[in-house]
Amino acid sequence: MQALSIVPEGPHGAMKRDELRAEPQEEAREANRLVETAAEDGGVDVTSEVREGVPQETILEYADEIGADMIVLGTVGRTGLDHVLLGSVAEEIVRNSSVPVVTVQPSE
């Protein structure tokens, strides 16, 4: 299993940095640590990577690079004006992926 976290560039990146006011690289590394821990607890081998870029483009490029069989993707769930202005990363990936995509909404 591969885990990929993206430090976003473009409109998604600016919005996320404004909302969180956190160090984007550290946030991405922490997300990968959570995935690594869950995978290891389940007996699944995992490697992880952090990349910078436009999220939908970077995820699709990475999937092609590693020959992924499937993409599992968390969603933010933007609606209304945010969705219209920023689009949906998950939607773009679903539309443009050459492999199946599973989307998962985070639990609160």
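Quick caveat, the model's predicted, so the values are computed rather than measured.

(A) Up close: helix α3 (residues 55–66). End to end, α3 covers 16 Å across twelve residues, agreeing with the expected 16 Å (1.5 Å per residue, within 8%). Of the positions making up α3, those classed as buried are Pro55, Gln56, Thr58, Ile59, Leu60, Tyr62 and Ala63. A positive backbone phi angle near 70 degrees is found at Gly67, which sits one or two residues after α3.

(B) Just the nonpolar core, in detail. Of all hydrophobic cores here, the largest spans ten residues; its members are Ile6, Ile59, Leu60, Ala63, Ala68, Ile71, Leu73, Val89, Ala90 and Ile93. Those residues in contact with Leu73 that lie beyond four places of it in its chain are Ile59, Ala90, Ile93, Val102, Thr103 and Val104.

(C) Structural detail: the packing of α3 against helix α5 (residues 89–96). Contact geometry of α3 with α5 gives a least axis separation of 9 Å together with a crossing angle of 40 degrees. Classed by the angle they form, the pair α3 and α5 counts as oblique. Helix-helix and strand crossings are classified by hand; for α3 and α5 the assignment is right-handed. Residues Pro55, Gln56, Ile59 and Leu60 of α3 form the contact with α5, whose participating residues are Val89, Glu92, Ile93 and Asn96. Residues that form the contact of α3 with α5 fall into these classes: five nonpolar, two polar and one charged.

(D) Spotlight on the pattern of salt bridges. Throughout the structure, instances matching the rule amount to six salt bridges. With a shortest N-O distance of 2.6 Å, Arg51 and Glu49 are connected by a salt bridge. Residue classification places Glu49 among the partly exposed positions, given a relative accessible area of 29%. Where Arg51 meets Glu65, a salt bridge forms, and the shortest distance between an N and an O atom there is 2.8 Å. You can see Arg51 sitting in strand β2 (residues 47–53) and its partner Glu65 sitting in helix α3, a full 14 residues away along the chain. In this structure Glu65 comes out as exposed when scored by relative accessible area, which is 54%. Bridged by salt links that share partners, the residues Glu26, Arg29, Glu30 and Arg33 form one connected network.

(E) Molecular detail of the side chain of Thr75. Assignment of secondary structure puts Thr75 in the loop between β3 (71–74) and α4 (80–86). Take Thr75: its relative accessible area is 16%, and that puts it in the buried class. Not counting residues within four places of it along the chain, the set of residues in contact with Thr75 comprises Ala90, Thr103, Val104, Gln105 and Pro106.

(F) Spatial organisation of the environment of Glu30. Structurally, the position occupied by Glu30 is in helix α2 (residues 24–41). Overall, the relative accessible area of 36% leaves Glu30 in the partly exposed class. At a separation of 3.0 Å, a polar atom in the side chain of Glu30 contacts the side chain of Arg33.

What counts and how
- Residues numbered from 1 in each chain as written.
- Predicted model: local features only at pLDDT ≥ 70, side-chain atom pairs only at ≥ 80, totals over all residues.
- Heavy atoms only, no water.
- Helix = DSSP H or I, 4+ residues; strand = E, 2+ residues; numbered from the N terminus.
- Expected span 1.5 Å × (residues − 1).
- Buried < 20%, exposed > 50% of the residue type's maximum accessible area, 1.4 Å probe, protein only.
- Core = buried A, V, L, I, M, F, W, Y, C linked by side-chain atoms within 4.5 Å.
- Contact = heavy atoms within 4.5 Å.
- Axes fitted to C-alpha atoms, helices over the stretch in contact; angles between N-to-C directions.
- Parallel < 35°, antiparallel > 145°, perpendicular 65-115°, else oblique.
- Left-handed = near helix turned anticlockwise from the far one by under 90°.
- Nonpolar A, V, L, I, M, F, W, Y, C, P; charged D, E, K, R; others polar.
- Salt bridge = Lys/Arg side-chain N within 4 Å of Asp/Glu carboxyl O.
- Polar contact = N/O pair within 3.5 Å; in protein donor to acceptor, adjacent residues only side chain to side chain.

Purely geometric stuff here, so don't read any function into it on its own.
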